[in-house]
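Coordinate analysis (summary)
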Amino acid sequence: MSAAGEGPGERSRPAAPKGAGGRRGPGRPPRSADAGGPDARTRIMEAARAEFAERGYDKTSVRGIAKAAGVDPALVHHYFGTKDELFAAAIEVSFEPALVVAAVVGESTEGIGERLARYFLSVWENPATRAPLLAVIRSALTHEAAAKVLRGFVLRRVLERVAADLDVPDPKFRAELAASHMLGIAFLRYVVQVEPLASARPEEIVAMVAPTLQRYLTEPDPGGRTGSPGGPDRA
């Protein structure tokens, strides 16, 4: 006989096997999450850059980025992993390390200070690439993850590679000196907006900064550093 409530000719439907239908394995985004196909990754990256720039690292969440991109949070993790890794990826598109090194080092050391200053300012003057960099500098003051991105990417992957290609003593120290100079300019010009630096023409800044960067990166022994490459001699 038919079970109570069943109409004539009706049969009970067998239970769906586990793993079928809407069930998904761990770590995989739901099917609705990847609507939009290949553009989903691009939307996530654009949303991340905007969210990090506007809110800083601490106040930005993966869920908020996913909402802005119109995807499921699982898809953000699928493409980029953790929030830290997404933050680093959002910064990397502003620099493209291989292109930076080739553009700055060029064919000779002559004029490298000017090329470095000009490239650095061109990245900051472009609103599209300035946004994630503002997020890095603002967040690095209060959050270790952002400071780690600044150290690991901007310094090690860009400036240290530039200095290493010059074949000079103590390239890491030289890269840090160049970084301190340029990041100080970025902080005062674009974050704090101190005048007259904030409204100075980029060419004026390049003309003033380039000779110092040139000395940092090419002078045989800047500042009279001798002895151990780990640091300046102590009395």
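Refer to the structure printed above.
A brief look at the structure comes next. Counting restarts for each chain: residues are numbered from 1 in the order of the written sequence. Only residues with pLDDT of 70 or above have their local features reported here, since the model is predicted, and side-chain atom pairs are shown and tallied only from 80 upward, although totals for entire chains, interfaces and linings are computed over all residues. Only hydrogens and water are set aside; all other atoms, that is, all heavy atoms of the structure, feed into the side-chain values.

**Notes on the overall build of the chain**
Let me state the cut-off plainly: The helix count covers DSSP runs of H or I at least four residues long, the strand count covers runs of E at least two residues long, and both are numbered beginning at the N terminus. Only protein chains enter the area calculation, which uses a 1.4 Å probe; residues under 20% of their type maximum are buried, those over 50% are exposed, and those in between are partly exposed. By definition, residues are in contact when any of their heavy atoms lie within 4.5 Å. Each accessible area is a Shrake-Rupley result for a 1.4 Å probe, and residues are judged covered by the shown protein chains and nothing else.
Scanning the chain from N- to C-terminus turns up 10 helices and zero strands. Written out in order from the N terminus, the α and β elements of the chain read α-α-α-α-α-α-α-α-α-α. Looking at the chain as a whole, 38% of its 235 residues qualify as buried. For the chain, the share of sequence-separated contacts (at least 6 apart) that also reach a separation of at least 24 residues comes to 66%. Looking at the chain as shown, the accessible area adds up to about 13,700 Å², and 54% of this sits on carbon and sulfur atoms.

**Quick look at the pattern of salt bridges**
To keep things clear, this is the line we draw: Between Lys or Arg on one side and Asp or Glu on the other, a salt bridge is scored when a side-chain nitrogen of the former is within 4 Å of a carboxyl oxygen of the latter.
If you walk through the whole model with that rule in mind, you get five salt bridges. A salt bridge links Arg118 to Glu203; the nearest nitrogen and oxygen atoms lie 2.5 Å apart. Residue Arg118 is located in helix 6 (residues 112–125), and its partner Glu203 is located in helix 10 (residues 202–218); the two are separated by 85 residues in the primary sequence. When its relative accessible area of 33% is taken as the criterion, Arg118 is described as partly exposed. Close ionic contact of Glu204 with Arg201 constitutes a salt bridge, the shortest N to O distance being 3.6 Å. Exposure remark for Arg201: the relative accessible area of 52% places this residue in the exposed category. Salt bridges linked by common partners bring Glu114, Arg118 and Glu203 together as one network.

**A few points about a nonpolar patch on the surface**
Convention followed: Within the patch definition used here, like charges are joined within 9 Å and nonpolar side chains (Val, Leu, Ile, Met, Phe, Trp, Tyr) within 5 Å, considering only residues with over 30% relative accessible area and no salt bridge.
On the surface, a cluster of nonpolar side chains totalling about 200 Å² of accessible area is made up of Leu188, Val192 and Val194. Val194 gets classed as partly exposed once you look at its relative accessible area, which sits at 34%.

**Side note on the packing of aromatic side chains**
This is how it is decided: Put simply, two rings from Phe, Tyr or Trp (the six-membered ring, in Trp's case) pair if the centres are within 6.5 Å, and we call them stacked under 30 degrees between planes, edge-to-face over 60, tilted for the rest.
By the definition in use, this model includes four aromatic pairs. With a centroid separation of 6.2 Å and 50° between ring planes, the pair formed by Phe120 and Trp124 is classed as tilted. Of this pair, Phe120 and Trp124 both sit in helix 6, four residues apart, which is roughly one turn of that helix. Across this residue pair, the class does not change: Phe120 and Trp124 are buried.

**Things to note about the nonpolar core**
Here is the rule we go by: Only buried residues count toward a nonpolar core, which is a set of Ala, Val, Leu, Ile, Met, Phe, Trp, Tyr and Cys residues joined through side-chain atoms within 4.5 Å.
In this structure, Ile44 and Phe52 are the most contacted members of the largest nonpolar core, which totals 57 residues. Residues within four places of Phe52 in sequence aside, it is in contact with Tyr57, Thr60, Ile65, Lys83, Leu86, Phe87, Ala90 and Ala135.

**Looking at the packing of helix 6 against helix 7 (residues 127–140)**
To be explicit about the condition: Only the contacting stretch of a helix is used when fitting its axis, a line to C-alpha atoms as for every element, and angles between N-to-C directions run 0 to 180 degrees. In what follows, roughly perpendicular refers to angles from 65 to 115 degrees, roughly parallel to angles under 35, roughly antiparallel to angles over 145, and oblique to any angle outside these ranges. Residue polarity follows a fixed list, in which Ala, Val, Leu, Ile, Met, Phe, Trp, Tyr, Cys and Pro are nonpolar, Asp, Glu, Lys and Arg are charged, and the others, Gly among them, are polar.
Two elements in contact, helix 6 and helix 7, have axes whose closest approach is 6 Å; the angle formed by their N-to-C orientations is 95°. By the criterion of interaxial angle, the relationship of helix 6 to helix 7 is roughly perpendicular. Contacts between helix 6 and helix 7 involve Val123, Trp124 and Glu125 from the first element and Pro127, Thr129, Arg130, Leu133, Leu134 and Ile137 from the second. Residue composition of the contact of helix 6 with helix 7, grouped by class: six nonpolar, one polar and two charged.

**Observations concerning the packing of helix 1 (residues 39–59) against helix 2 (residues 62–69)**
Operational definition: Two helices crossing with the near one rotated counterclockwise from the far one by less than a right angle form a left-handed crossing, whereas a clockwise rotation gives a right-handed crossing.
Here helix 1 crosses helix 2 at 125°, and the two axes come no closer than 8 Å. Classified by the angle between their axes, helix 1 and helix 2 sit oblique to one another. Both helix 1 and helix 2 take part in a crossing whose hand is right-handed. Facing helix 1, whose interface residues are Arg43, Ile44, Ala47, Ala48, Glu51 and Phe52, helix 2 presents Gly64, Ile65, Ala68 and Ala69. Considering only residue class, the contact of helix 1 with helix 2 consists of seven nonpolar, one polar and two charged.

**Comments concerning unusual backbone geometry**
Residue Pro196 is reached from Glu195 by a cis peptide bond, and omega for that bond is 5°. Along the polypeptide, Pro196 turns up in the loop between helix 9 (171–191) and helix 10. Unlike most non-glycine residues, Asp170 shows phi in positive territory, near 55°. Take Asp170: it is sitting in the loop between helix 8 (144–165) and helix 9. Residue Asp170 is classed as buried on the basis of its relative accessible area, which comes to 19%. Within the chain, Gln193 stands out as a residue other than glycine whose phi angle is a positive 60°.

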